[in-house]
Amino acid sequence: QVQVTESGGGSVQPGDSLTLSCVLSGITTLSNYAVGWFRQRPGTQREFVAAFKWGGSAKRYGDSVEGRFTISRDTSKNTAYLQMTSLQRDDAAVYYCAGERWGGGAPYEREYATWGRGAQVTVSS
């Protein structure tokens, strides 16, 4: 059974950096998977943050995080990362990692079948 588990959330100040991790377990061929990061702020719909195809080099970012966030992976650890820099109050949200077999790294929730429980990120001074 495929599982996705996020970690690394926490409370930071504006301008700080934070890295989230996403472990994908129960997968024998990671290169067949796409991984997406989404976030949800209180009272809003889930928003696309970043995505990539594990077996490819292309990465996609949401407009609000382009240039500040970086998505990466470590195949030896079955782990994807979301490196967040220059965090702003508007970045405070629950961040979700999602995986999809044979996915294309699309920026749409419906394209991902397996989701983690989320990691809370708080940005305040």
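Note: the structure precedes this text.
Residues numbered from 1 in each chain as written. Predicted model: local features only at pLDDT ≥ 70, side-chain atom pairs only at ≥ 80, totals over all residues. Heavy atoms only, no water.

Examining the pairing of strand E1 (residues 3-7)
Right, so step 1: Residues of E1 alternate between two faces, with Val4 and Glu6 buried on one and Gln3, Thr5 and Ser7 left unburied on the opposite face.
Right, so step 2: As defined by bridge partners, E1 adjoins strand E3 (residues 18-25) across five bridges and the pair is classed as antiparallel. Residue pairing across strands places Val4 opposite Leu24, the latter belonging to E3. (Buried < 20%, exposed > 50% of the residue type's maximum accessible area, 1.4 Å probe, protein only. Helix = DSSP H or I, 4+ residues; strand = E, 2+ residues; numbered from the N terminus. Pairing = 2+ DSSP bridges.)

Regarding the environment of Gly103
Right, so step 1: Along the chain, Gly103 falls in the loop between strand E9 (93-101) and strand E10 (114-115).
Right, so step 2: Residue class for Gly103 comes out buried when judged on its relative accessible area of 13%.
Right, so step 3: Between the alpha carbons of Gly103 and Gly36 there is a distance of 9.6 Å; along the sequence they are 67 residues apart.
Right, so step 4: If sequence neighbours within four positions are ignored, Gly103 has contacts with Asn32, Ala34 and Lys53. (Contact = heavy atoms within 4.5 Å.)

Topic: the environment of Gly15
Right, so step 1: Looking at the element boundaries, Gly15 is found in the loop between strand E2 (10-12) and E3.
Right, so step 2: The spatial distance from the C-alpha of Gly15 to the C-alpha of Thr28 is 38 Å, given a sequence separation of 13 residues.
Right, so step 3: Excluding residues within four positions of it along the chain, Gly15 makes contact with Ser86 and Leu87.

Re the packing of aromatic side chains
Right, so step 1: What the rule picks out here adds up to six aromatic pairs.
Right, so step 2: Relative to Trp54, the ring of Phe52 lies with its centre 5.5 Å away and its plane at 45°, an arrangement referred to as tilted.
Right, so step 3: Residue classification places Phe52 among the buried positions, given a relative accessible area of 1%.
Right, so step 4: Both rings, one in Tyr112 and one in Trp115, keep their centres 6.4 Å apart while their planes meet at 75°; by these two values the pair is edge-to-face.
Right, so step 5: Relative accessible area serves as the criterion here: at 24%, Trp115 is assigned to the partly exposed category.
Right, so step 6: Directly above the ring of Trp115 sits Arg46, whose terminal nitrogen or CZ lies 4.6 Å from the centroid.
Right, so step 7: Just above the ring of Tyr108 sits the side chain of Arg110; from NZ or CZ to the centre is 4.7 Å. (Phe/Tyr/Trp six-rings, centres within 6.5 Å; stacked < 30°, edge-to-face > 60°. Lys NZ or Arg CZ within 6 Å of the ring centre and 35° of its normal.)

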